[in-house]
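Working through the structure, step by step
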Amino acid sequence: MKIDDTDRKILVELQTDAAQSLDDIARKVGSSKTPVWNRIRKMKEAGIIGAQTVQLDAEALGYEACFFVLIRTSEHEAEWQRAFLKALQDRPEVQEAHRLAGDIDYILKVRVKNARAYDAFYQALIAEVRVHNVTALLSMEEIKSTTALPL
């Protein structure tokens, strides 16, 4: 699906606050409610708009530690990858996981309550899948975090 300027404006509004009313979105993008709804529906059908969720404040809920975990592995077989990916999918502490080019094979963003909880996560992970080297970096301060795309 090709998107135009009005679609982009709608997407910017949805990224800012998906809970705002169709009337508010329509007013802000210079359209009326029905065309905006139709555009949103089409973008959902095309897969441009995914699930609508709520952003929670991790620290307010007691998840005060964010670790970036760098993983190097000497394993690259399909079975190991399946087991590793399943281990990551099964752990709610893993907020993001990326396979990388370069010296590090994977980077994980892990959100836990404290260092002890990270250690429990780490111990469970290495008990389940074999990794060559793991480096955990504790984030001292989150400076910017967004899910918004630069439309």
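Each value, and the rule that gives it
Residues numbered from 1 in each chain as written. Predicted model: local features only at pLDDT ≥ 70, side-chain atom pairs only at ≥ 80, totals over all residues. Heavy atoms only, no water. Buried < 20%, exposed > 50% of the residue type's maximum accessible area, 1.4 Å probe, protein only. Helix = DSSP H or I, 4+ residues; strand = E, 2+ residues; numbered from the N terminus. Pairing = 2+ DSSP bridges. Arc of directions from axis to C-beta. Contact = heavy atoms within 4.5 Å. Core = buried A, V, L, I, M, F, W, Y, C linked by side-chain atoms within 4.5 Å.

- Per an unreviewed UniProt entry, the protein goes by ArsR family transcriptional regulator and derives from Marivita lacus.

A short note on the pairing of strand β1 (residues 65-72)
- Across the 8 residues that make up β1, a large majority, 6, are buried.
- Summarising the sheet, β1 and strand β3 (residues 106-112) pair through 7 bridges and their orientation is antiparallel. Following the sheet pairing, Ile71 is matched in β3 by Tyr106.
- In terms of strand pairing, β1 meets strand β4 (residues 133-138) through 6 bridges, oriented antiparallel. Among the inter-strand pairings, Ile71 is bridged to a residue of β4, identified as Val134.

Some thoughts on helix α2 (residues 22-29)
- Ile25, Ala26 and Val29 are the residues of α2 that are buried. Along the axis of α2, the buried residues cluster in a sector spanning 100 degrees; they form a single face.
- Each element contacted by the buried residues of α2 is listed here: α1 (5-16) and α3 (33-45).
- Backbone geometry just downstream of α2 places Gly30 in the positive-phi region, at approximately 75 degrees.

Things to note about the nonpolar core
- Core analysis: the largest hydrophobic core is formed by 18 residues, its most contacted members being Ile71, Leu108, Val110 and Leu125.
- Elements that contribute at least two residues to this core include exactly β1, α4 (78-89), β3 and α5 (115-128).

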